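Coordinate inspection notes
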Amino acid sequence: MEPQQRSPLLEVKGNIELKRALAKAPSRLPLPGSRLKRGPDQMEEDLEPEKKRTRGLGTKVATSRPRATALTTVPQTQGQTAVPKVPRKTGPPCSTAIATVLKNQKPGPAVPAQKPGTTAAPPVVGRKKPSKRPAWDLKGQLCDLNAELKCCRERTQMLDQENQQLRNQLREAQQQATALGTERRTLEEELARVRAQAEQGQQELGNLSTLVLELEERLGTQEGLVQELQKEQLELQEERRGLAAQLEEQERRLQASEAALSGSQAEVASLRQEAAAQADLLANREERLHGLEMERRRLHNQLQELKGNVRVFCRVRPVLPGESTPPPGFLLFPSGPSGPSDPPTRLSLSRSDERRGTLSGAPAAPTRHDFSFDRVFPPGSGQDEVFEEISMLVQSALDGYPVCIFAYGQTGSGKTFTMEGGPGGDPQVEGLIPRALRHLFSVAQELSGQGWTYSFVASYVEIYNETVRDLLATGTRKGHGGECEIRRAGPGSEELTVTNARYVPVSCEREVEALLHLARQNRAVARTAQNERSSRSHSVFQLQISGEHAGRGLQCVAPLSLVDLAGSERLDPGLALGPGERERLRETQAINSSLSTLGLVIMALSNKESHVPYRNSKLTYLLQNSLGGSAKMLMFVNISPLEENVSESLNSLRFASKVNQCVIGTAQANRK
């Protein structure tokens, strides 16, 4: 950047101010109307600010020589006209004082030394040293200073041009250095490539040398054999006539043997190469199969997440023999967007209000309630159709995702039939529990061909009046459900276990059927107004699945929880209650309390609340790891098709609709 230069106009203005200061200063000159009031010392003090300004001007101009102490005339250069001299007046000693003030001014700083490599500015030719001007010739001194300032500006312009030339030269040198660096890197890469080719050539030369040595060795062996044959030929030459035919035969056999040996060796080499290729192909296919299995699990989990980590299915049981047929239009199942081919996902239930008809004097139109779920199963749906819809969710447990499936609804709506199936062992009416385990055993057997090994441990407990009982207890342990408590598996562990409960390893369907039969006998049931044999407890079947891939060091652990919630019915508090009815009332209160806690837990998880009330109920505390954000949950809401149960059916459907609107989060696999 060029140094900041002072404008000539500012310099002229400063000189005018200096003149005014000198005019105001007292002097001994015979000026009209003036009086001698100040001496030379006072005049020098008045001129002190102007001296400082003159020094600053000399610093900014950066002249190469100090300013002349005496006033000089400006030579006539570049079309400028020299200022004519003003005749010096003789007067009092005031002029001598002014000259002394100007003579005491400090010279400006010298021009900095020229850097090496730069071209010095050519001296001005023909310029004469200006003569000294009188101390009172301020205008002449101003012209001298302007001329000197112009010279300095010319020198500054020349130095800037030289600086620009040097910068251009530096830029060109940097570009040349960059080009040379690029060329050097190219040559180094070429040298590395030539060296690699040379090393490859040396390696090929070594291989050829080895091959030559082998051929020479074989040649030596063949030459030795030829010498032996020649010697033998000389020894047997006498017997040649008699043995000629035999010799020819032996030679033919020898040639055939050599040909067969060569063919066998080539075949062995070909078989070895083929075996190596097959081994490589097998390894590649195993690697690809593992990658496809991991991709299948990822896509399978993504598909389940798209369907929702919290899903709700509605199932309507058929009308049983002896029950009244509901009126037409009581339950409707509207078709999907694509027509009857789509699985139904909506349910419409109508309810007539007798009180409204009485008040208006005419029967009121029934009120219709519409509900939408992930899937709706009409009364004609079979057990196989229901399990087909959840089979992919059950398989997620093998991939390491906690899965929880529970049946919810009023008593007598078919929850136990959905989960455990009907009596008699008919395969067509098997429930979700035996079908799920059969499916898991089958898929685990298929994955064993890919290096996966699975183990299954089953437990079956019930929660009756907030007391945990073991449904697999036998012998003396039977009936001691109060001894079972829910505890952590170990310090710092998130896994929950039930103390004093049986954990039975299972590996086939027969073992599972025996466990279900034993649990069915131990479960608490009672007669209610809705069902002669109503489940009065929550049954929780849990299957702990552990998978391991020893070849790749992979492990996955996840629980599969299949829950049959207790049925409930409303009791009229105005009725007189006997001992048996009081017991049913306490059971109903405990059941409704635990179901209410289950709804609160699901809502808290959906709202991402900091506190989830798991410990408010033994049911939610036991299912804690199967309800959180890392689990996949499915709820079956079972309803009755009878019109007399419409109130309980509406309550169940409304609760299921709230659950269906919950979004817990993305499930995470428990892998190590």
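The rules behind these values
Position labels on residues start from 1 in each chain and follow its written sequence. Owing to the predicted nature of the model, reporting of local features is limited to residues with pLDDT of at least 70; listing and counting of side-chain atom pairs is limited to 80 or more, with chain, interface and lining totals taken over all residues. Based on all heavy atoms of the structure, the side-chain values leave hydrogens and waters out of the count. Each helix is a run of H or I in the DSSP string that is no shorter than four residues. Each strand is a run of E no shorter than two, and both are numbered from the N terminus. Think of it in three bands: with a 1.4 Å probe and only protein chains considered, a residue is buried below 20% of the maximum accessible area for its type, exposed above 50%, and partly exposed in between. For this analysis, residues touch if any pair of their heavy atoms sits within 4.5 Å. Surface accessibility in these figures is a Shrake-Rupley result with a 1.4 Å probe; residues are shielded only by whichever protein chains are displayed. Among buried residues, the Ala, Val, Leu, Ile, Met, Phe, Trp, Tyr and Cys ones that are joined through side-chain atoms within 4.5 Å form a nonpolar core. Patches were defined on residues exceeding 30% relative accessible area and lacking a salt bridge, with like-charge contacts within 9 Å and nonpolar side-chain contacts (Val, Leu, Ile, Met, Phe, Trp, Tyr) within 5 Å. Take a side-chain nitrogen of Lys or Arg and a carboxyl oxygen of Asp or Glu: if they are within 4 Å of each other, that pair is a salt bridge. Axis geometry follows a simple rule: fit a line to the C-alpha atoms, using only the stretch in contact for helices, then measure angles between N-to-C directions, giving values from 0 to 180 degrees. Roughly parallel covers angles under 35 degrees, roughly antiparallel covers those over 145, roughly perpendicular covers 65 to 115, and oblique covers all other angles. Note: crossing handedness is left-handed where the near helix turns anticlockwise from the far helix by less than a right angle, and right-handed where it turns clockwise. Residues are grouped as follows: nonpolar covers Ala, Val, Leu, Ile, Met, Phe, Trp, Tyr, Cys and Pro; charged covers Asp, Glu, Lys and Arg; every other residue, Gly included, is treated as polar. Under the convention used throughout, the expected extent of a helix is 1.5 Å for every residue step, that is, one less than its residue count. By disulfide we mean two sulfur atoms from cysteines, separated by a distance within 2.5 Å. Pairing of aromatic rings covers Phe, Tyr and Trp, the last through its six-membered ring, and needs centres within 6.5 Å; plane angles under 30 degrees mean stacked, over 60 mean edge-to-face, and all others mean tilted. Criterion used throughout: strands pair if DSSP finds at least two bridges between them. UniProt positions are given in the numbering used here, feature names are shortened, and annotations may be inferred rather than shown by experiment. Two N or O atoms count as a polar contact when they lie within 3.5 Å, although within protein this holds only if one can serve as hydrogen donor and the other as acceptor, and sequence-adjacent residues are included solely when both atoms are side-chain atoms. Residue-level confidence of the predictor is what pLDDT reports, using numbers from 0 through 100.

**Quick word on the overall build of the protein**
Helix and strand counts for the protein come out as 15 helices and 18 strands. Taking all 672 residues of the protein together, 35% fall into the buried category. Long-range pairs, those at least 24 residues apart, make up 73% of the contacts in the protein with a sequence separation of at least 6. Put simply, the protein shows about 41100 Å² of open surface, and 53% of that area lies on carbon and sulfur atoms.

**Details of the nonpolar core**
Core analysis: the largest hydrophobic core is formed by 51 residues, its most contacted members being Cys314, Leu347, Phe406 and Met635. A per-element tally of this core places helix α12 (residues 579–606) first, with seven residues.

**Concerning a nonpolar patch on the surface**
There is a patch of nonpolar side chains on the surface, built from Leu208, Leu211 and Leu215 and spanning about 280 Å² of accessible area. Position of Leu211 relative to the elements: it lies in helix α5 (residues 138–235). Classification of Leu211 by relative accessible area gives partly exposed; the value is 43%.

**Focus on the packing of helix α10 (residues 432–448) against helix α11 (residues 509–522)**
Between two packed helices, the angle of one axis relative to the other and the distance separating the axes together describe the packing. Contact pair α10 / α11: the axes reach a minimum separation of 10 Å and the direction vectors enclose 160°. What the angle tells us is that α10 and α11 run roughly antiparallel. As α10 packs across α11, the resulting crossing turns out to be right-handed. Between α10, through Ile433, Pro434, Leu437, Arg438 and Phe441, and α11, the contact on the second element is made entirely by Glu509, Val512 and Leu516. The residue inventory of the contact of α10 with α11, partitioned by class, reads six nonpolar, no polar and two charged.

**Observations concerning α10**
Its 17 residues place the ends of α10 24 Å apart at the C-alpha level, agreeing with the 24 Å of an ideal helix rising 1.5 Å per residue. Within the sequence span of α10, burial applies to Leu432, Ile433, Pro434, Arg435, Ala436, Leu437, Leu440, Phe441, Val443, Ala444 and Leu447.

**As for the state of the cysteines**
Disulfides are covalent bonds that link the sulfur atoms of two cysteine residues. Applying the stated criterion across every chain yields a total of zero disulfides. Among the cysteines around Cys152, which has no disulfide bond, Cys151 carries the closest sulfur, lying 6.8 Å off. A relative accessible area of 8% places Cys152 in the buried class.

**Examining the packing of aromatic side chains**
Aromatic ring pairs are described here by two measures, namely the spacing of the ring centres and the angle between the planes. Evaluated as defined, the whole model comprises eight aromatic pairs. Between the aromatic rings of Phe441 and Phe456, the centroid separation amounts to 5.2 Å while the plane-to-plane angle is 80°, which identifies the pairing as edge-to-face. Pair noted here: Phe441 is in helix α10 and Phe456 is in strand β9 (residues 452–464), with a separation of 15 residues, a long-range link. Each member of the pair, Phe441 as well as Phe456, is classed as buried. Aromatic rings pair up to connect Phe313, Phe377 and Phe636 into one cluster.

**Topic: the sheet that holds strand β6 (residues 367–372)**
Reading across the sheet, the three strands line up as β4-β5-β6 and stay open at both edges, with antiparallel pairing between neighbours. Looking at strand neighbours, the two that pair on one side only are β4 (331–332) and β6, the edges of this open sheet. As paired strands, β4 and strand β5 (residues 346–351) are joined by two bridges and run antiparallel to one another. The residue bridging Leu332 from the neighbouring strand is Ser348, located in β5. Strands in contact with helix α15 (residues 646–660) are β5 and β6; relative to β5, the strand with the most contacts, it is inclined by about 145°.

**Section: the UniProt feature "binding site: ATP" (unreviewed entry) in the protein**
Under the UniProt annotation, "binding site: ATP" (unreviewed entry) lies at Gly409, Gln410, Thr411, Gly412, Ser413, Gly414, Lys415 and Thr416. Within the element layout of this structure, Thr411 appears in the loop between β8 (403–409) and α9 (415–420). Inspection of the secondary structure puts Gly414 in the loop between β8 and α9. With sequence-adjacent residues up to four places away left out, Gly414 is seen in contact with Arg317 and Asn638.

**Topic: the pairing of β5**
Pairing geometry for β5 and β6, over six bridges, is antiparallel. Bridge pairing in β6 links Arg346 to Ser372.

**Quick look at the pattern of salt bridges**
Tallied over the entire structure, the rule returns 12 salt bridges. For Arg133, the salt bridge is made with Asp144, and the minimal N-O distance between the two is 2.9 Å. With a gap of 11 residues between them, Arg133 in strand β2 (residues 132–133) and Asp144 in helix α5 connect regions that are remote in the sequence. With relative accessibility at 12%, the residue Asp144 sits in the buried group. For Arg193, the salt bridge is made with Glu190, and the minimal N-O distance between the two is 2.0 Å. Of this pair, Arg193 and Glu190 both sit in helix α5, separated by three residues, roughly a single helical turn. For Glu190, a relative accessible area of 36% corresponds to the partly exposed category. One salt-bridge network, in which partners are shared between bridges, spans Arg133, Asp137 and Asp144.

**Notes on unusual backbone geometry**
Its identity as a non-glycine residue notwithstanding, Asn465 has a phi of 50°, on the positive side. In this structure, Asn465 sits in the loop between β9 and β10 (467–470). Notably, Lys608 is not glycine yet its phi reads approximately 55°, a positive angle. Relative to the assigned elements, Lys608 resides in the loop between α12 and α13 (618–622).

**Observations concerning the packing of helix α8 (residues 383–395) against α10**
Two elements in contact, α8 and α10, have axes separated by 10 Å at closest approach and are oriented at 50°. Overall, the two elements α8 and α10 adopt an arrangement that is oblique. As α8 runs across α10, the sense of the crossing is right-handed. In this structure, α8 contributes Gln383, Asp384, Val386, Phe387, Ile390, Ser391, Val394 and Gln395 to the contact, and α10 contributes Leu432, Arg435, Ala436, His439, Leu440 and Val443. The residue makeup of the contact of α8 with α10, split by class, is eight nonpolar, four polar and two charged.

**Some words on the side chain of Ser537**
Along the chain, Ser537 turns up in the loop between β15 (534–535) and β16 (538–549). Residue class for Ser537 comes out buried when judged on its relative accessible area of 1%. At a separation of 2.6 Å, a polar atom in the side chain of Ser537 contacts the side chain of Glu462.

**Things to note about the confidence of the model for the protein**
On average, residues of the protein score 76 in pLDDT, and 69% of them reach the 70 mark or higher. Considering only residues more than four positions removed or in separate chains, one finds that residues 27–40, a stretch of pLDDT under 50, has 17 contacts. Across residues 42–126, where pLDDT falls below 50, the model places 124 contacts with residues more than four positions away in sequence or in other chains.

**Examining α5**
Quick reminder: α-helices carry 3.6 residues per turn. Residues three or four places apart thus point the same way. With 98 residues, α5 should cover 146 Å at 1.5 Å per step; its first-to-last C-alpha distance of 142 Å lies within 8% of that length. The N-cap residue of α5 is Asp137: its side-chain oxygen and the backbone nitrogen of Gly140 are 3.1 Å apart.

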